Amino acid sequence: VTGEKMHSNMAAEDYPHEIDEQLTCFDSSVTSVKTILEQLMSMPRNDLLQKLDPLDQAKLDLMSAYTLNSLFWMYLVTQGINPREHGIKQELERIRTYMNKVKEITEKKKAARLDKGAAARFVRSALYDPDDKDSKKKAASTSSETPPSKRSKQK
């Protein structure tokens, strides 16, 4: 029994205490990843995908692939393997490329919702010239035979 206590005390002293805060943050991050993964895995994938539109399905698939590959990256680091020299680096870059494509599609989808009428009114008001508007009104109110300048002199 005393050997077990001594072993647990040694285990607690095997690392520098300066990293206690970092280890605590890491532990809470791992716990939240575990919670999220449990939530995702508790629901059948087909049920989850049926509730999403194709773009959200792609986002979910990419997020899942990126998460799993990132976890594998961390696993390689814990095993002393340099992940930058492993095929996982190319896989993460490939997934990032597709994530950027989905992001572009999402941005284009948002931009397509531009209200053209509002844009035209905005441009018209930005280009508004009060003098030009007055001359147009005068031109519309006068007949084509009498120029606006002569008519204003007659009054």
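The coordinates are above.
Since we're looking at a predicted model, the values are computed, not measured.

### Some points on the overall build of the chain
Thinking step 1. Across its full length, the chain holds 8 helices and 0 strands.
Thinking step 2. Counted from the first residue to the last, the chain has its helices and strands arranged as α-α-α-α-α-α-α-α.
Thinking step 3. Burial statistics for the chain: of 155 residues in total, 10% are counted as buried.
Thinking step 4. In the chain, 37% of the contacts between residues at least 6 apart in sequence involve partners at least 24 apart.
Thinking step 5. Element-wise, carbon and sulfur atoms account for 57% of the exposed surface of the chain, whose accessible area totals about 13300 Å².

### Concerning the pattern of salt bridges
Thinking step 1. Following the criterion strictly, the structure yields 4 salt bridges and no others.
Thinking step 2. Across the salt bridge formed by Asp61 and Arg45, the nearest N and O atoms sit 2.1 Å from each other. You can see Asp61 sitting in helix H4 (residues 54-78) and its partner Arg45 sitting in helix H3 (residues 45-50), a full 16 residues away along the chain.
Thinking step 3. Judged by its relative accessible area of 35%, Asp61 falls in the partly exposed class.
Thinking step 4. For Arg45, a relative accessible area of 39% translates into the label partly exposed.
Thinking step 5. The closest approach of N and O atoms between Glu93 and Lys89, which form a salt bridge, is 3.8 Å. One end of the pair is Glu93 and the other is Lys89, both in helix H5 (residues 88-111) and 4 residues apart, which spans about a single turn.
Thinking step 6. Relative accessible area serves as the criterion here: at 37%, Glu93 is assigned to the partly exposed category.
Thinking step 7. Lys89 sits in the partly exposed class, given a relative accessible area of 31%.

### Let's talk about the packing of H4 against H5
Thinking step 1. Two numbers describe how H4 lies on H5: the axes approach to 10 Å, and their chain directions differ by 155 degrees. Taken as axis vectors, H4 and H5 run roughly antiparallel relative to one another. Crossing of H4 over H5 shows left-handed handedness. From H4, Leu55, Ala58, Lys59, Leu62, Ala65, Tyr66, Asn69, Ser70, Phe72, Trp73 and Leu76 reach across to H5, where they touch Ile88, Lys89, Glu91, Leu92, Ile95, Arg96, Tyr98, Met99, Val102, Ile105, Thr106 and Lys109.
Thinking step 2. Residue composition of the contact of H4 with H5, grouped by class: 15 nonpolar, 3 polar and 5 charged.

Criteria and cut-off values
- Residues numbered from 1 in each chain as written.
- Predicted model: local features only at pLDDT ≥ 70, side-chain atom pairs only at ≥ 80, totals over all residues.
- Heavy atoms only, no water.
- Helix = DSSP H or I, 4+ residues; strand = E, 2+ residues; numbered from the N terminus.
- Buried < 20%, exposed > 50% of the residue type's maximum accessible area, 1.4 Å probe, protein only.
- Contact = heavy atoms within 4.5 Å.
- Areas by Shrake-Rupley, 256 points an atom, 1.4 Å probe, with all protein chains shown as cover.
- Salt bridge = Lys/Arg side-chain N within 4 Å of Asp/Glu carboxyl O.
- Axes fitted to C-alpha atoms, helices over the stretch in contact; angles between N-to-C directions.
- Parallel < 35°, antiparallel > 145°, perpendicular 65-115°, else oblique.
- Left-handed = near helix turned anticlockwise from the far one by under 90°.
- Nonpolar A, V, L, I, M, F, W, Y, C, P; charged D, E, K, R; others polar.

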